[in-house]
Amino acid sequence: MATTEFGMTAGGVAADRPDATARRALVASAVGYAMDGFDLLILGFMLSAVAAGLALTPAESGSLVTATLIGAVAGGILFGMLSDRLGRVRVLTWTILLFAVFTGLCALAQGYWDLLAYRTIAGLGLGGEFGIGMALVAETWPARYRARASSYVGLGWQAGVLAAALATPLLLPLIGWRGMFAIGLLPAIVSFVVRRTIGEPALFLDRAARPRQGNALRLLVKDARTTRISFAVFILCSVQNFGYYGLMIWLPTYLSTAMGYSLTRSALWTVVTILGMCAGIGAFGHLADRIGRRPTFILFQAGAAIMVVVYAQLDSPAALLLGGAAMGLFVNGMIGGYGALISELYPTEARATAQSVLFNLGRGVGGFGPLVVGALASQYSFSLAIGLLAVIYVLDIGATLMLPETRGVELE
């Protein structure tokens, strides 16, 4: 059943607190997203080792990240639409399993082309997990906690990234890059648990029993107002992913090349940045539930624009440590709001499609972040490349102003 602003379901049953089903849905979505974050960031940390092992050129190495993200775009469209027709839990299980199997197969790669194929197909699974998980959580949690619940899913990604930053320097010398990819098989266990313990949201089942309004993709552009909203959300998602991947893929290289840090020291500085991101995500969810979606987004976008410029000027270890945490808080804190915002802007029969398509189209744009930052860094400097990211956050504020406020709305 849909949930109102005052914590009541449409049938009048009190829903002030999340129930056991909501909590299980949150855990499953967060764990699946954590494994995505772990996999993508260990690739960033291992690029040099993979390149050496398979004799890859720099262009081929960089294309592995881009191919994963392009696969995520296709997976988001495919699995998002399937989820709106066949169910959140069933399709989420498929995406986790697909991602796990093809990440594990990367351990068997013999050259560039088969590794590229494995990364692209793993990206298909990665693309579906975020949107479906966010829709699942939004439909099971009370309206008053919806933004913070979606922020907890976003924290799952950061937990995976944090694990990658800590584990790679320790495990890579012991098990090599092939062993690191083999760890990617672990989410297969998660898919089994999800399928066995979580049921479909009552809101989805109720809507699925009624005639559909039309094709889910068409519902994203059904009229001028909805098209404008979808365009604005696409910009938000593009900026989010471009800034995030542009920073996180190159941050270890920036710290080691420009600042002379070792891999272990670069990982430590990256961990502090990630912890800042975690604090930002948690704060965003709570603020968005208290003061609204739009003002919270604008606050964090302005903070991100300022902090990337400030960070690019820092040159001492202590300043980089503290500045990285502050930059991370604003740059990735916004991921805590997308699940709630997009869920509230679209009806149930297009909700997972909207989450998956719009976020993963943005992820596809974001896939060029590492390429653009790398090109600017090689032509000018890493600090200039990072500082120029401020421009995209100003664009982000303009897109946010095109969106309606949705705090506390009843899901359609």
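### Observations concerning the overall build of the chain
What the chain contains, in helices and strands, is 18 helices and 0 strands. Sorting the 412 residues of the chain into buried and exposed places 60% on the buried side. Residue pairs at least 24 apart in sequence account for 84% of intrachain contacts in the chain once pairs closer than 6 positions are excluded. Per element, the accessible surface of the chain, about 15,200 Å² overall, is 69% carbon and sulfur.

### Concerning the side chain of glutamine 301
Tracing the chain through its elements places glutamine 301 in helix H12 (residues 293–313). Assessed through its relative accessible area of 0%, glutamine 301 is described here as buried. In this structure the side chain of glutamine 301 is engaged in a polar contact, spanning 3.3 Å, whose partner is the side chain of aspartate 396. Not counting the four nearest positions on each side in its chain, glutamine 301 is found in contact with Leu236, Met334, Tyr393, Asp396, Ile397 and Thr400.

### Regarding helix H4 (residues 112–140)
In this model H4 runs 42 Å from its N-terminal to its C-terminal C-alpha over 29 residues, within 8% of the 42 Å that 1.5 Å per residue would give. Summarising burial for H4: 23 of the 29 residues are buried, a large majority.

### Let's talk about the packing of helix H2 (residues 58–86) against helix H15 (residues 348–366)
Here H2 crosses H15 at 175°, and the two axes come no closer than 8 Å. Classified by the interaxial angle, the pair formed by H2 and H15 is roughly antiparallel. Its residues placed into classes, the contact of H2 with H15 shows 9 nonpolar, 9 polar and 4 charged.

### Some details on helix H5 (residues 146–182)
Between its first and last C-alpha atoms H5 spans 35 Å; for 37 residues at 1.5 Å apiece the expected length is 54 Å, and the helix comes up short by more than 12%. Remark: the principal bend of H5, roughly 110°, maps to isoleucine 175.

### Focus: the nonpolar core
Counting residues in each nonpolar core, the largest one holds 97 residues, and the members touching the most others are Val50, Leu64, Val233, Tyr338, Tyr346 and Tyr393. Here this core gets 14 residues from one element, more than from any other, and that element is helix H1 (residues 20–54). Not counting the four nearest positions on each side in its chain, valine 233 is found in contact with Ile342, Leu345, Tyr346, Leu358 and Leu403. Core analysis: the second largest hydrophobic core is formed by 12 residues, Ala28, Phe79, Ile132 and Val194 among them.

### Considering the side chain of aspartate 396
Among the structural elements, aspartate 396 can be located in helix H18 (residues 390–400). For the buried aspartate 396, no salt bridge exists, and the shortest N-O distance to an oppositely charged side chain is 13 Å, to arginine 294. In this structure, aspartate 396 is in contact with Ile235, Leu236, Val239, Gln301 and Met334, ignoring residues within four places of it in sequence.

### Quick look at the packing of aromatic side chains
All chains considered together, the criterion is met by 9 aromatic pairs. For the pair phenylalanine 284 and phenylalanine 297, a centre-to-centre distance of 4.8 Å together with 70° between the ring planes defines the contact as edge-to-face. Note that phenylalanine 284 is positioned in helix H11 (residues 263–291) and phenylalanine 297 in helix H12, a separation of 13 residues in sequence. For phenylalanine 284, a relative accessible area of 0% translates into the label buried. Judged by its relative accessible area of 2%, phenylalanine 297 falls in the buried class. Summarising the aromatic geometry, the rings of phenylalanine 297 and tyrosine 338 are spaced 5.3 Å apart at their centres and angled 70° between planes, so their arrangement reads as edge-to-face. With phenylalanine 297 in helix H12 and tyrosine 338 in helix H14 (residues 335–345), this residue pair connects regions lying 41 residues apart in the sequence.

### What about the pattern of salt bridges?
Considering all chains together, one arrives at 7 salt bridges under this definition. In this structure, arginine 146 and glutamate 344 form a salt bridge, with 2.9 Å as the shortest nitrogen-oxygen distance. Highlighted residues: arginine 146 in helix H5 and glutamate 344 in helix H14, separated in sequence by 198 residues. Both residues of the pair, arginine 146 and glutamate 344, count as buried. A salt bridge links arginine 293 to aspartate 289, with the shortest nitrogen-to-oxygen separation between them at 3.2 Å. In this structure aspartate 289 comes out as buried when scored by relative accessible area, which is 9%.

### Regarding unusual backbone geometry
We note that alanine 55 has phi near 55°; this positive angle belongs to a residue other than glycine. Counting through the fold element by element, alanine 55 comes out in the loop between H1 and H2.

### A word on a nonpolar patch on the surface
On the surface, Leu186, Ile189, Phe192 and Val193 cluster together into a nonpolar patch covering about 410 Å² of accessible area. With respect to the helices and strands, the residue valine 193 is situated in helix H6 (residues 187–197). Here valine 193 falls in the partly exposed class, since its relative accessible area comes to 42%.

### Side note on the packing of H2 against H4
Close contact between H2 and H4 brings their axes to 5 Å; oriented N to C, the two are set at 40°. In this view, H2 runs oblique relative to H4, as classed from their interaxial angle. Viewed along their axes, H2 and H4 form a crossing whose handedness is right-handed. The residues of H4 that touch H2, namely those facing Glu60, Ser63, Leu64, Ala67, Thr68, Gly71, Ala72, Ala74, Gly75, Gly76, Phe79 and Ser83, are Tyr112, Leu115, Leu116, Arg119, Thr120, Gly123, Leu124, Gly125, Leu126, Gly127, Gly128 and Ile132. Taken together, the residues that form the contact of H2 with H4 break down as 11 nonpolar, 11 polar and 2 charged.

Definitions and limits used
Residues numbered from 1 in each chain as written. Predicted model: local features only at pLDDT ≥ 70, side-chain atom pairs only at ≥ 80, totals over all residues. Heavy atoms only, no water. Helix = DSSP H or I, 4+ residues; strand = E, 2+ residues; numbered from the N terminus. Buried < 20%, exposed > 50% of the residue type's maximum accessible area, 1.4 Å probe, protein only. Contact = heavy atoms within 4.5 Å. Areas by Shrake-Rupley, 256 points an atom, 1.4 Å probe, with all protein chains shown as cover. Polar contact = N/O pair within 3.5 Å; in protein donor to acceptor, adjacent residues only side chain to side chain. Expected span 1.5 Å × (residues − 1). Axes fitted to C-alpha atoms, helices over the stretch in contact; angles between N-to-C directions. Parallel < 35°, antiparallel > 145°, perpendicular 65-115°, else oblique. Nonpolar A, V, L, I, M, F, W, Y, C, P; charged D, E, K, R; others polar. Bend = angle between axes of the 7 residues up to and from the residue. Core = buried A, V, L, I, M, F, W, Y, C linked by side-chain atoms within 4.5 Å. Lys, Arg positive; Asp, Glu negative; His and termini not counted. Salt bridge = Lys/Arg side-chain N within 4 Å of Asp/Glu carboxyl O. Phe/Tyr/Trp six-rings, centres within 6.5 Å; stacked < 30°, edge-to-face > 60°. Patch = residues over 30% accessible without salt bridge, like charges linked within 9 Å, V, L, I, M, F, W, Y side chains within 5 Å. Left-handed = near helix turned anticlockwise from the far one by under 90°.

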